[in-house]
Amino acid sequence: MGDETSTSIATQSQEPAAVGAGSVKQQLSKLVIASLRTTVPEVEVDPMVEVCTAKFGDYQCNNAMGLWSRIKGSGTSFKNPNAIGQAIAKNLPPSDIIESTSVAGPGFVNIVLSNSWVAKRIQDMLVNGIKTWAPILPVKRAVLDFSSPNIAKEMHVGHLRSTIIGDTLARMFEFSNVEVLRRNHVGDWGTQFGMLIQYLFEKFPNWEEIGSQAIGDLQTFYKASKNRFDGDAEFKDRAQQAVVRLQGGEERYRAAWNKICEISRNEFDMVYKLLNVKLEEKGESFYNPFIPQVLEELNNKGLIKESEGAKVIFIEGHQIPLIVVKRDGGFNYASTDLAALWYRLNVEKAEWIIYVTDVGQQQHFDMFFNAARMAGWLPDPKEKKFPKTNHVGFGLVLGSDGKRFRTRSTEVVRLIELLDEAKSRSKSELLQRLTENGKIVDWTEEELEKTSEAVGYGAVKYADLKNNRLTNYTFSFEQMLSDKGNTAVYLQYAHARICSIIRKSNKDVEELKMSGAISLDHPDERVLGLYLIRFAEVVEEACTNLLPNVLCEYLYNLSEMFTRFYTNCQVVGSPEETSRLLLCQATAVVMRQCFELLGITPVYKL
Ligand code: ARG
């Protein structure tokens, strides 16, 4: 593909010279870099390519003004930013991506993409798969620390949010060819286990013989043991000894701890299974053996100070220090996180380490990231270099009363019930609709089940992901299961409708994509085509800013654009039938990939 110049750029960076390599923005950026090097060889700047908001172009390059402020008064021959813009446009290497350019006012270079290139890019995707549209991200390996509930405590809605958001981010990175270490940083260590084990030993003298089933609800025991601990000094004593014996590795205590973890793990796994989320558990206990050496390193670097009997790190901009060894000599959440970060950087060699928890933990993350920077583990964030850490915070889930979405029975059970309810509600709506349309006979029981699961669970996920994660959102079955507005149900219908258009045409798109061609002559075809090829840069943006809602917005807009196209452009029976069917197919493929990245199972008929 491409003329000589664009091929040579592609060869320089060792990427396949296909219509595909990288997003459109990334491909235009390469051309812009080449132009900038000729236009102003004396300064090095990053290319600034954006989607054009004005009518004059599809994309624009915004480098001229910034460059002007750097070179004016330095004896440059350029008279003003507009002149720089003109030169940037003129020096763009010839390329079949660009149809034409124009320069507006203070040097914006508007770029109009070539219709035939856009069409080719879409067709190329249909032939070679959507994976050819993966953006290029600046890292090879990332850790995503998400879900991370606590053993014997509750797995609450916050953990559900973390699971959903973390899984989507993992999927988007994986799609972009980043190796993702999906880490479940389960809270499986700490003094509370001594208390719980002691309580269980006393309650069940034959603890070793009874099965997990008979133990039932660990959270209730956890609460009971806590009450006992707080109110009974002798029990407290015994519980503290239990901690020592557990941490000393005494067999009976280790076995009990293992059993407790196993019970919780089985419960968590039920939620992961329903949500189709894969995670590898490396809980807090995993990093425990590394804490002493990590703290020693920090101490040798002079970071650790004594304060009120505890060992702490003072961090600029924070009133209270980060405690790394408690007054009783025990380690805590922060010491574990420092050891985990050390491990992820040095043993796992991750370049980007991302933590998904509620915003309430922001201070904790900010403090220990800063401690890691003080230790020289991480570069200054201003340098925009890797390795890098990010806290992906999220807001609360609210109930219809506007208060925090709370549940009465044990939370794991409730989370499962919640997902079940979404499924059964979507099933009854589906049944009603099918009965009304007389279509019920076409459906097998299995199809019904699978479809209501896909629609129901997908609705819960989408309702969460479509909001900017930092905002609180109200949990409402009615809203998320509505087939109108920006909901997963609406989008599932939109996708299924495209599939049905293709089915009813009785044409074999697999064959058409090889023999037919796409043209984008109608304005609504062009708009749809341009939006389709933005997919890669949307994924890139969602990954870079760690914002899944960017992808949801894209998916919703895409379905709206498709509707406009379909309303204004006759597909079946028109002279453009082949091209338009291919556009339908491309839209369906991209929508499915969005669903896939959001962890939603697409439905082909509804
Ligand atoms: N277990 C913690 C909680 O429930 C979340 C852990 C997040 N990950 C981490 N490395 N700190 O709040």
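Since the model is a prediction, treat every value here as computed from it, not as a measurement.

### Focus on the site of the ligand
Near the ligand you find Asp145, Ser148, Asn150, His159, His185, Tyr333, Asp337, Tyr355, Thr357, Gln361 and Phe365, and these make up its full shell. The contact in question runs from a nitrogen atom of the ligand to an N or O atom on the side chain of Asp145, over 2.8 Å. One of the side-chain N or O atoms of Asn150 is found 2.7 Å from a nitrogen atom in the ligand. When the ligand is considered free in solution it has 350 Å² of accessible area, and contact with the protein chains removes 91% of it. Of all the cavities here, the one that holds the ligand is the second largest pocket. Sorting the residues of the shell around the ligand by element identifies helix 14 (333-346) and strand 11 (352-358) as the ones contributing at least two each. Along the lines of polarity and charge, the residues of the shell around the ligand split into 3 nonpolar, 6 polar and 2 charged.

### Quick notes on the layout of surface pockets
When its volume is computed, the largest pocket comes out at roughly 1,400 Å³. What lines the largest pocket is a set of 44 residues, among which Pro138, Lys384, Lys388, Thr544 and Asn545 lie closest to the centre. Within the residue set of the lining of the largest pocket, elements represented by two or more residues are helix 2 (24-39), strand 1 (49-51), helix 15 (362-374), strand 12 (388-394) and helix 22 (535-544). Here the element with the most residues in the lining of the largest pocket is strand 12; it accounts for 6 residues. Of the residues in the lining of the largest pocket, the class split is 19 nonpolar, 10 polar and 15 charged. A domain-level breakdown of the lining of the largest pocket finds at least three residues from each of domain 1 (4-113) and domain 3 (459-597). If you go around the second largest pocket, you meet 48 residues; those closest to its centre are Asn150, Lys153, Gly187, Glu284 and Tyr333. Contributing elements (two or more residues each) for the lining of the second largest pocket: helix 6 (157-175), helix 10 (233-247), helix 14 and strand 11. Looking at the lining of the second largest pocket, the element that brings in the most residues is helix 6, giving 5 residues. Classifying every residue of the lining of the second largest pocket gives 14 nonpolar, 22 polar and 12 charged.

### Side note on the nonpolar core
Formed by 167 residues in total, the largest nonpolar core has its most connected members in Leu28, Leu113, Phe173, Ile260, Phe535 and Val590. Looking at this core element by element, the count peaks at 12 residues for helix 24 (residues 577-597). Sequence-distant contacts of Val590, that is, excluding residues within four places in its chain, are made with Met125, Ile130, Trp133, Leu532, Phe535, Tyr554 and Leu558.

### Observations concerning unusual backbone geometry
Glycine aside, residues mostly have negative phi angles, and peptide bonds mostly take the trans form. Put simply, Phe386 and Pro387 share a cis peptide bond, and its omega is 0 degrees. With respect to the secondary-structure elements, Pro387 resides in the loop between helix 15 and strand 12. Even without being a glycine, Ser148 presents a positive backbone phi close to 45 degrees. Relative to the assigned elements, Ser148 resides in the loop between strand 5 (141-145) and helix 6.

### Digging into the sheet that holds strand 6 (residues 179-184)
The strand order across the open sheet built from 5 strands is 7-6-5-11-12, with neighbouring strands paired in parallel fashion. The strands lining the two open edges of the sheet, one partner per strand, are strand 7 (280-281) and strand 12. Relative to strand 12, strand 11 is paired through 7 bridges, and the arrangement is parallel. Its bridge partner lying in strand 12, Tyr355 is registered against His391. Helix 15 contacts strand 11 and strand 12 of the sheet and is inclined by roughly 175 degrees relative to strand 12.

### What about the UniProt feature "domain: DALR anticodon binding" (unreviewed entry) in the protein chain?
Taken from the UniProt record, the annotation "domain: DALR anticodon binding" (unreviewed entry) applies to residues 491-606. Across residues 491-606 one finds 72% helix and 0% strand; the C-alpha atoms that close the span lie 11 Å apart.

### Quick notes on the pairing of strand 6
A large share of strand 6 lies buried, amounting to 5 of its 6 residues. Handedness of the crossover joining strand 5 and strand 6 through helix 6 is recorded here as right-handed. As judged from the 2 bridges shared by strand 6 and strand 7, these two strands associate in the parallel manner. Across the sheet, Arg183 pairs through a bridge with Glu280, a residue of strand 7.

### Structural notes on the sheet that holds strand 4 (residues 108-113)
Pairing within the open sheet is antiparallel, and its 4 strands lie in the order 1-2-4-3. Two strands in the sheet have a free side with no partner beyond their single neighbour: strand 1 and strand 3 (98-104). If you compare each strand with its neighbour and ignore which way they point, the axes differ by 25 degrees on average. Bridge count between strand 3 and strand 4: 6 bridges; the pairing is antiparallel. Bridge pairing in strand 4 places Ser102 opposite Asn110.

### Thoughts on the packing of helix 7 (residues 192-203) against helix 11 (residues 251-275)
Look at helix 7 against helix 11: their axes get within 10 Å of each other, and the N-to-C directions meet at 100 degrees. Of the possible angle classes, the one that applies to helix 7 and helix 11 is roughly perpendicular. Judged by residue contacts, Phe193, Leu196, Ile197, Gln198, Leu200 and Phe201 of helix 7 engage Arg252, Tyr253, Ala256, Trp257 and Ile260 from helix 11. The class makeup of the residues in the contact of helix 7 with helix 11 is 9 nonpolar, 1 polar and 1 charged.

### Some remarks on the packing of aromatic side chains
Following the criterion strictly, the structure yields 28 aromatic pairs and no others. Between the aromatic rings of Phe286 and Tyr343, the centroid separation amounts to 5.1 Å while the plane-to-plane angle is 85 degrees, which identifies the pairing as edge-to-face. With Phe286 in helix 12 (residues 284-287) and Tyr343 in helix 14, this residue pair connects regions lying 57 residues apart in the sequence. You can call Phe286 partly exposed: its relative accessible area is 30%. With relative accessibility at 11%, the residue Tyr343 sits in the buried group. Members of the aromatic cluster, each reached through a chain of ring pairs, are Phe286, Tyr287, Phe290, Trp342 and Tyr343. The ring of Trp207 has Lys259 sitting right over it, with the charged end atom 4.9 Å from the ring centre.

### Topic: the UniProt feature "domain: Arginyl tRNA synthetase N-terminal" (unreviewed entry) in the protein chain
Per the UniProt record, "domain: Arginyl tRNA synthetase N-terminal" (unreviewed entry) is found at residues 26-113. As a span, residues 26-113 carries 39% helix and 22% strand, and end to end its C-alpha atoms are 14 Å apart.

### Some points on the environment of Pro41
Topologically, Pro41 is positioned in the loop between helix 2 and strand 1. A residue is classified by how much of its surface remains accessible, and Pro41, at 59% relative accessible area, is exposed. Between the C-alpha atoms of Pro41 and Asp328, which are 287 residues apart in sequence, the distance is 62 Å.

Definitions and limits used
- Each chain has its residues counted from 1, running along the sequence as written.
- Side-chain atom pairs in this predicted model are given and counted only at pLDDT of 80 or more, local residue features only at pLDDT of at least 70, and totals for whole chains, interfaces and linings cover all residues.
- Think of the side-chain values as coming from all heavy atoms in the structure, minus any hydrogens and water.
- It suffices for a single heavy atom of a residue to lie within 4 Å of a molecule or strand for the residue to be listed as near it.
- We define a polar contact as two N or O atoms separated by no more than 3.5 Å, with the added condition that, inside protein, one atom must be a possible hydrogen donor and the other a possible acceptor, whereas residues neighbouring each other in sequence contribute only through side-chain atom pairs.
- All accessible areas in this document rest on Shrake-Rupley with a 1.4 Å probe, and a residue is counted as covered only by the protein chains that are shown.
- Think of a 1 Å grid over just the protein atoms. A cavity is a set of points where a 1.4 Å probe fits yet cannot get out, a pocket is an open set with protein on both sides within 12 Å along at least five of seven lines, and lining residues have an atom within 4 Å of a point.
- What decides whether a molecule sits in a cavity or pocket is whether more than half of its atoms lie within 2 Å of the grid points.
- Helix and strand definitions here come from DSSP, where helices need a minimum of 4 consecutive H or I residues and strands a minimum of 2 consecutive E residues; each element is numbered from the N-terminal end.
- The nonpolar class holds Ala, Val, Leu, Ile, Met, Phe, Trp, Tyr, Cys and Pro. Asp, Glu, Lys and Arg form the charged class, and all remaining residues, Gly among them, are polar.
- Grid points are joined across faces, edges and corners, and a volume is the space filled by probe spheres set on the points.
- Residue ranges for the domains trace back to a domain assignment, done automatically or taken from a database.
- Grouping buried Ala, Val, Leu, Ile, Met, Phe, Trp, Tyr and Cys residues that are joined through side-chain atoms within 4.5 Å yields what is termed a nonpolar core.
- Exposure classes here rest on a 1.4 Å probe applied to the protein chains alone. A residue is buried below 20% of its type maximum, exposed above 50%, and partly exposed in between.
- Every residue pair with non-hydrogen atoms within 4.5 Å of one another is taken to be in contact.
- Strands pair, by our definition, only if DSSP identifies at least two bridges between them.
- In this analysis, axes come from line fits to C-alpha atoms, helices being fitted only over the stretch in contact, and the angle between any two N-to-C directions falls in the range 0 to 180 degrees.
- UniProt positions are given in the numbering used here, feature names are shortened, and annotations may be inferred rather than shown by experiment.
- By convention, orient the strands away from the viewer: a clockwise path from the first strand over the helix to the second makes the crossover right-handed.
- Here the angle decides the label: under 35 degrees means roughly parallel, over 145 means roughly antiparallel, 65 to 115 means roughly perpendicular, and every other value means oblique.
- For Phe, Tyr and Trp, rings pair up if their centres lie within 6.5 Å, where Trp contributes its six-membered ring, and each pair is then called stacked (planes under 30 degrees apart), edge-to-face (over 60) or tilted (otherwise).
- The rule is short: NZ of Lys or CZ of Arg within 6 Å of the ring centre and within 35 degrees of the ring normal puts a charge over the ring.

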